[in-house]
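# Inside the fold
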Amino acid sequence: MQKVMDIDSGVTRAAVAHEGRARRLSVLGATGSVGTSTLDLVARHGEAFEIEVLTAQTNAGALADLALKHHARLAVIGDERAYPELKSRLVGSGIEVAAGPAALIEAASRPVDCVMAAIVGAAGLRPTFAAARAARRVALANKECLVSAGAVFMSAIKDAGCELLPVDSEHSAVHQSIGGHDPKFIERIVLTASGGPFRTATDAEIAAATPEQAARHPNFSMGRKITVDSATLMNKCLELIEAYHLFPVAADQLAVVVHPQQIVHGFVEFTDGSVIAQMGTPDMRTPIASSLAWPARMAAPAARLDLVRLGALTFEAPDEKRFPALGLARRTFELGGTAGAVLNAANEVAVEAFLARQIPFPAIAALAAEALEEAARRGRVDEPACLDDVIAADEEGRALARGLLRRYS
Ligand code: NAD
Ligand code: MG
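Here the structure is a predicted model, which means the values were calculated and not measured.

Right, let's talk about the sheet that holds strand β11 (residues 275-279) for a bit. Pairing in this open sheet of 4 strands is mixed, and the strands run β9-β8-β10-β11 from one edge to the other. Because the sheet does not close on itself, it has two edges, and the strands there are β9 (254-258) and β11. Geometrically, the sheet is characterised by an average inter-axis angle of 20 degrees between neighbouring strands, direction not taken into account. Direction of pairing for strand β8 (residues 186-193) relative to β9: parallel, over a ladder of 5 bridges. Looking at the pairing, Val190 lines up with Ala255 of β9. Strands in contact with helix α7 (residues 169-178) are β8, β10 (264-270) and β11; relative to β10, the strand with the most contacts, it is inclined by about 40 degrees.

Moving on to the packing of helix α14 (residues 328-335) against helix α16 (residues 362-377). At a minimum axis distance of 11 Å, the contact between α14 and α16 shows a crossing angle of 10 degrees. Between α14 and α16, the angle falls in the class roughly parallel. Within the contact between the two elements, α14 uses Leu328, Arg331, Thr332 and Leu335 and α16 uses Ala365, Ala369, Leu372, Glu373 and Ala376. For the contact of α14 with α16, the residue count by class is 6 nonpolar, 1 polar and 2 charged.

Burial of strand β5 (residues 114-117) is two-sided: the residues Cys114 and Met116 facing one way and the residues Val115 and Ala117 facing the other way are all buried. Here β5 runs beside strand β6 (residues 137-140); their pairing, made up of 4 bridges, is parallel. Each residue of the ladder has a partner; that of Cys114, found in β6, is Arg137. Chirality of the crossover, the property in question, places the unit of β5, helix α5 (residues 125-134) and β6 among those that are right-handed.

For the rest of this paragraph, the subject is the side chain of Asp229. The residue Asp229 is located in helix α10 (residues 224-232) in this model. Residue classification places Asp229 among the buried residues on the basis of a relative accessible area of 2%. Sequence-distant contacts of Asp229, defined by excluding residues within four places in its chain, comprise Met234, Asn235, Leu238, Asn347 and Val351.

Further remarks concern the coordination of the magnesium ion (ligand 2). Distances from the magnesium ion (ligand 2) to its protein donors, Asp168 (OD), Glu170 (OE) and Glu239 (OE), fall within 2.1 Å. Going along the chain, you hit the donors of the magnesium ion (ligand 2) in the pattern D-x1-E-x68-E. A relative accessible area of 8% means that Asp168 is categorised as buried. Glu170 sits in the buried class, given a relative accessible area of 4%.

Conventions adopted
- Residues numbered from 1 in each chain as written.
- Chains lettered and ligands numbered in written order.
- Predicted model: local features only at pLDDT ≥ 70, side-chain atom pairs only at ≥ 80, totals over all residues.
- Heavy atoms only, no water.
- Pairing = 2+ DSSP bridges.
- Helix = DSSP H or I, 4+ residues; strand = E, 2+ residues; numbered from the N terminus.
- Axes fitted to C-alpha atoms, helices over the stretch in contact; angles between N-to-C directions.
- Contact = heavy atoms within 4.5 Å.
- Parallel < 35°, antiparallel > 145°, perpendicular 65-115°, else oblique.
- Nonpolar A, V, L, I, M, F, W, Y, C, P; charged D, E, K, R; others polar.
- Buried < 20%, exposed > 50% of the residue type's maximum accessible area, 1.4 Å probe, protein only.
- Right-handed = clockwise from strand over helix to strand, strands pointing away.
- Donors = N, O, S within 2.8 Å, 3.2 Å for Na, K, Ca; no water.

From the geometry alone we can't say anything about function, so treat these as descriptive.
As structure tokens, this is what we get:
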């Protein structure tokens, strides 16, 4: 797998200085879990931000409410059927409105200080690439940009001179732990995993797991897709791929440890044996605040960490036998090219099918693995030259996965 290994770009580059003026911020995926947490922080910091663009896919009512509350200049709804509602809700407000996929990309292309890229899934690829070309900083929640388009996305960031800050809590932790250290002294990067709702479940319980059970994340409240990924541990697989592209290390320098309390979010081991970790109560507003304010800090209302009250932090090895999705990261690194795009797309199809009760829980990882192997067998995981190649691989992954659904149902 090809990666962009320039330690002077992306997350390790010195951040833009805080200029003492309101920063213009666009939020892609404003109605989602990360989007609303971002706007919660914005609301607490009155004059510090001006909202340029807010986007959502279908929920015009929620988008209109947020646009009015935050005095956005532009509100864009992805689904054109929801445009009349958005328009009627914002008529007379002075807020521009638009709809459709092209409008989303155009909105993401507005030059701003920062774009919070918080659309879920591969649907976020084109808008986030557009943001990378136009914004000074991309705060990246949409992990699919790195999982599906890793090297292509990092090149786009570098070519545009855009600054990339990770929002995913584990990657934010690693970024903060690297701090000002020279990355050549990094020996290993470790991401923590909650283990999900089935951490202690038996094979039989996992086989019978329902969407309702999978939706119960032990610590974080998140969107439903990533919550299912946390239950299969596919989320940690995707996060290993994400980390590979973000940080200047080789695949075998990345590891996962299960840490049910999710207080330590990630840690970096250095060549002298020092281990630097970032800790905090599990609340996405902390890594979001870090991505918006870096290298400064901004106040965030997460519950304060009380280690005495917690008493103990525990760690255990992940069980790839019960959670085979995790091992797919290794296979993706081996295959390289567009393997990440195929895997991610197949997983998105499988998660949707599981939520629709078409396939059982263990079929999610099995189906994604089979789609990946089939794409490889057909020679369809070549190195992508551009985003269009990535999107073609994504479509291939989706088609392969859909073709397998019946067999797994
Ligand atoms: P969510 O489902 O809560 O929200 C997704 C947002 O994207 C919504 O505003 C929705 O309107 C919009 N959207 C959905 N489909 C779209 C489409 N086809 N086109 C354009 N917009 C669309 O998701 P979330 O949990 O906030 O996750 C967002 C991203 O952040 C994901 O990539 C996820 O992996 C990542 N992430 C989330 C968390 C978390 O705590 N929720 C943590 C780490 C990383
Ligand atoms: Mg995470």
